[in-house]
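If you want the building blocks of each chain, they are given just below.
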Amino acid sequence: MMATLSWAESSVLSVAVAAVTVLLISSPATIEAIGEVVYAINCGGPAHVDVYGIEYKKDPLSVGFASDHGKNLAIRRVPEQDQILYQTERYHLADFAYNVPIRADGEYVLLLKFSEVWFTEPNQKVFDVQLNGEHLVVHELDIFAVAGLGIAHDELVPFSVRKGTLKVGDESSKFDGTLKIEFLKRHRDNPKINAIVVIRGRIEDVPQLPPMPRMDRPEVEDEEEDDSPEKKIVSEKRRRPHTEPKIIDPYANEDPSSMIFPIFIAIAAFIPLVFCLCRL
């Protein structure tokens, strides 16, 4: 026999289900396991623990400038709790770098967090990111061009360390235990960084942002069907290719004087006729 719930019990159950639903919807994307966090810095900002439990330390760097101008914006693609990671930043009028100690061999992923909070069009801030003076891992980054204003953007750079050798993609170099992350000034404005994470593991072990928000264009309503001859003529004109040859005007090459001569003859013949009629 199926047990029936009282009104009070049904209300409590409904509230519980609603709370769980809201929690599931608002939670960030989950991954099976996060790799070992070797280094995490909230650049230009205070210490912070994100929704994945990653502990970001306060920015220790004194080179360049720390800014929290991004707090004027609500950063998209991230939970409200973690917007601080994209609202604070460090920038410099020249090249600058963070040095990250790497003590053990293995596979790693460098996670660089960016957001454009100042410029409102592309080609205003463009810079490079390089590792250990040899490996160009981000070339001519234009944050606004790839993400837009106030939208989080991450760059993931896998690398490995083995027996004193740093390998990035197909490139290798000697490694002394320190990963130097360099932000290089180029021809447009200044380099910057919002947050840095180094995780021991692979790409799938790194928390990643959700897909970019869609920039939908307004839909154009379909025109009503009209079988009238006028509508068909207009449609044919629209479909006519630009390469269609123009119709040749048969009178285009005619000499205008040849058309005037017959008119003079007609007038000369008509004047005597009028004169005779007037004398009658």
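Bear in mind that the values here come from a model prediction, so they are computed numbers and not experimental data.

Visitor: Provide a residue-level description of the environment of leucine 110, including the pertinent values.
Guide: Looking at where leucine 110 falls in the secondary structure, it is placed in strand S7 (residues 106-114). Given a relative accessible area of 0%, leucine 110 falls into the buried group. A C-alpha to C-alpha distance of 9.9 Å links leucine 110 and valine 38, two positions 72 residues apart in sequence.

Visitor: Please provide a residue-by-residue account of the nonpolar core, values included.
Guide: Counting 29 residues, the largest nonpolar core has Leu112, Ile181, Phe183 and Ile196 as the members making the most contacts within it. Considering each element in turn, this core owes the most residues, four residues, to S7. Listed in part, the 16 residues of the second largest apolar core include Ile54, Leu85, Tyr86 and Val206.

Visitor: Kindly report on the packing of aromatic side chains, identifying the contributing residues and their values.
Guide: Aromatic ring pairs: the centre-centre distance and the angle between the two ring planes describe each pair. Applying the stated rule across the entire model yields six aromatic pairs. Taking the centre distance of 5.3 Å and the plane angle of 25° together, the rings of phenylalanine 65 and tyrosine 91 count as stacked. In this pair, phenylalanine 65 is assigned in strand S4 (residues 65-67) and tyrosine 91 in strand S5 (residues 89-91), connecting sequence segments 26 residues apart. Its relative accessible area of 38% is what places phenylalanine 65 among the partly exposed residues. Measuring from ring centre to ring centre gives 5.1 Å for phenylalanine 96 and phenylalanine 183, while their planes differ by 25°; the resulting arrangement is stacked. Taken as a pair, phenylalanine 96 in strand S6 (residues 96-101) and phenylalanine 183 in strand S13 (residues 178-188) lie far apart in primary sequence, 87 residues in all. A relative accessible area of 5% means that phenylalanine 96 is categorised as buried. An aromatic cluster is defined as three or more aromatic residues linked by ring pairs; in this entry it consists of Phe96, Tyr98 and Phe183.

Rules of the game
Residues numbered from 1 in each chain as written. Predicted model: local features only at pLDDT ≥ 70, side-chain atom pairs only at ≥ 80, totals over all residues. Heavy atoms only, no water. Helix = DSSP H or I, 4+ residues; strand = E, 2+ residues; numbered from the N terminus. Buried < 20%, exposed > 50% of the residue type's maximum accessible area, 1.4 Å probe, protein only. Core = buried A, V, L, I, M, F, W, Y, C linked by side-chain atoms within 4.5 Å. Phe/Tyr/Trp six-rings, centres within 6.5 Å; stacked < 30°, edge-to-face > 60°.

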